[in-house]
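A closer look at the structure
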Amino acid sequence: MAAGDTKLSICSEALIMLGAAPLSSFADGTDEAQVADRLYGDVRDTLLMQYPYSWSVKKVKLARLVAAPINEWKYNFTLPGDILGNPKAVFNNGNVGARSVREFEIYSGGIFSDYEEIWIDYQFRPEPALFPPYFVRLLKTALASEFAEPITDQTTKAEYYHVKAYGAPSDNMRGGLVRVSINIDGADRPAQQIQEFPISDIRF
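A brief structural summary. (Residues numbered from 1 in each chain as written. Predicted model: local features only at pLDDT ≥ 70, side-chain atom pairs only at ≥ 80, totals over all residues. Heavy atoms only, no water.)

**Describing the overall build of the protein**
Each helix and strand counted, the protein has 5 helices and 7 strands in total. Its helices and strands in sequence order give the protein the pattern α-α-β-β-β-β-β-β-β-α-α-α, from N to C terminus. If you line up the protein on its principal axes, its C-alpha atoms span 55 × 35 × 30 Å. The 204 residues of the protein split such that 44% are buried. (Helix = DSSP H or I, 4+ residues; strand = E, 2+ residues; numbered from the N terminus. Buried < 20%, exposed > 50% of the residue type's maximum accessible area, 1.4 Å probe, protein only.)

**Observations regarding the pattern of salt bridges**
Scanning the model with the defined rule gives 8 salt bridges in all. Among the salt bridges present, the one from Arg44 reaches Asp45, with a minimum N-O distance of 2.9 Å. Ionic pairing is found between Lys61 and Glu117, a salt bridge with its closest N-O pair at 2.9 Å. You can see Lys61 sitting in strand 1 (residues 57–61) and its partner Glu117 sitting in the loop between strand 6 (110–113) and strand 7 (119–123), a full 56 residues away along the chain. (Salt bridge = Lys/Arg side-chain N within 4 Å of Asp/Glu carboxyl O.)

**Some words on the packing of aromatic side chains**
For the coordinates displayed, the defined rule picks out 8 aromatic pairs. Ring plane angle 20° and centroid distance 5.0 Å describe the contact between Tyr53 and Trp55, whose orientation is recorded as stacked. Between Tyr160 and Tyr161 the ring centres are 4.8 Å apart and the planes differ by 75°, which places this aromatic pair in the edge-to-face class. Each residue in the set Tyr51, Tyr53, Trp55, Phe131 and Phe135 is aromatic and connected to the rest through ring pairs, giving one cluster. Lying over the aromatic face of Phe124, Lys58 brings its terminal NZ or CZ to 4.5 Å of the ring centre. (Phe/Tyr/Trp six-rings, centres within 6.5 Å; stacked < 30°, edge-to-face > 60°. Lys NZ or Arg CZ within 6 Å of the ring centre and 35° of its normal.)

**Some remarks on the sheet that holds strand 4 (residues 89–91)**
Pairing is antiparallel across the open sheet formed by 3 strands, whose spatial order is 1-7-4. Across the chains shown, the open sheet's two edge strands, defined by having one partner strand only, are strand 1 and strand 4. The mean angle between the axes of side-by-side strands here comes to 20°, regardless of whether they run parallel or antiparallel. Here strand 1 runs beside strand 7; their pairing, made up of 5 bridges, is antiparallel. Within strand 7, the position partnered with Lys59 by the bridge is Asp121. (Pairing = 2+ DSSP bridges. Axes fitted to C-alpha atoms, helices over the stretch in contact; angles between N-to-C directions.)

**A few points about the pairing of strand 3 (residues 75–78)**
Judged from the 2 bridges that link them, strand 2 (residues 63–64) and strand 3 form a sheet pairing that is antiparallel. Residue pairing in the sheet places Ala63 in a bridge with Thr78 of strand 3. By the bridge criterion, 4 bridges tie strand 3 to strand 6 in an arrangement that is antiparallel. Of the residues in strand 6, the one forming a bridge with Thr78 is Gly110.

**Regarding helix 2 (residues 31–49)**
With 19 residues, helix 2 ought to run about 27 Å at 1.5 Å a step, and its terminal C-alpha atoms sit 28 Å apart, in line with that. The sharpest bend along helix 2 reaches about 35° and sits at Leu39. Those residues of helix 2 not exposed but buried are Ala33, Val35, Ala36, Leu39, Tyr40, Gly41, Val43, Arg44, Asp45, Leu47 and Leu48. (Expected span 1.5 Å × (residues − 1). Bend = angle between axes of the 7 residues up to and from the residue.)

**Concerning the environment of Arg44**
Here Arg44 shows up in helix 2. The sequence separation of Arg44 and Arg125 amounts to 81 residues, and the corresponding C-alpha distance is 8.8 Å. Apart from residues no more than four positions distant in its own chain, Arg44 is found in contact with Arg125, Phe131, Phe135 and Leu139. (Contact = heavy atoms within 4.5 Å.)

**Here we look at the nonpolar core**
If you look at the biggest cluster of nonpolar residues, it comprises 38 residues, and the most contacted ones within it are Leu47, Phe135, Leu139, Leu143 and Phe147. Counting residues per element, the ones that place at least two in this core are helix 1 (3–17), helix 2, helix 3 (133–152), helix 4 (155–166) and helix 5 (176–187). Looking at which element gives the most residues to this core, the answer is helix 3, with 10 residues. Setting aside residues no more than four positions away along its own chain, Leu139 makes contact with Ile10, Tyr40, Val43, Arg44, Leu47 and Phe131. (Core = buried A, V, L, I, M, F, W, Y, C linked by side-chain atoms within 4.5 Å.)

**A short note on the packing of helix 3 against helix 4**
Running from N to C, helix 3 and helix 4 point in directions that differ by 165°, and their axes come no closer than 8 Å. In terms of orientation, helix 3 and helix 4 fall into the roughly antiparallel class. Considering how the two elements wind past one another, helix 3 and helix 4 form a crossing that is left-handed. Contacts between helix 3 and helix 4 involve Arg137, Leu138, Thr141, Ala142, Ala144, Ser145, Ala148, Glu149 and Thr152 on the former and, on the latter, Thr155, Lys157, Ala158, Tyr161, His162, Lys164, Ala165 and Tyr166. Residues belonging to the contact of helix 3 with helix 4 are distributed by class as follows: 8 nonpolar, 5 polar and 4 charged. (Parallel < 35°, antiparallel > 145°, perpendicular 65-115°, else oblique. Left-handed = near helix turned anticlockwise from the far one by under 90°. Nonpolar A, V, L, I, M, F, W, Y, C, P; charged D, E, K, R; others polar.)

Next up, the structure:
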């Protein structure tokens, strides 16, 4: 199934959960199509960025630009175009067992550093057809919570699906189906090695 067809299917099922008709196209001119097309990307990316799912993380060597930074650092590396958020870890070599480094800064889509080579672990946006079933279920439920008010004008439906997707307010958006997705992904891989960089460690 093509990426566009998968997106259409996911949005249609979210609308069906609300009692609305499924979509035939995002260009059919209906309110449902406009709402779904406008909100889908933001909801998907927010869910992806809540947790570094194993199927949404890559390791790549960055391309170094010819032009050097204006000052302070020797080299400038281009971040991937499909990156979500900041790198999860930065390395100065691609050897097995390499330890992450912190001697770098992020500026306007690039990494500045004195290292001649840079590798990063980063989260990207997979094609919808590659989403595992547990994440598709979470995404449909989260979309239903966002679609509910503009489509049905019923805040109770929005609240119902929001709790189902994210849990109670005390769960801080990490309960419900979000927790289920995290637990399933975590059970299928070794202990998490990805390192987060606090904002205090990186200058933008």
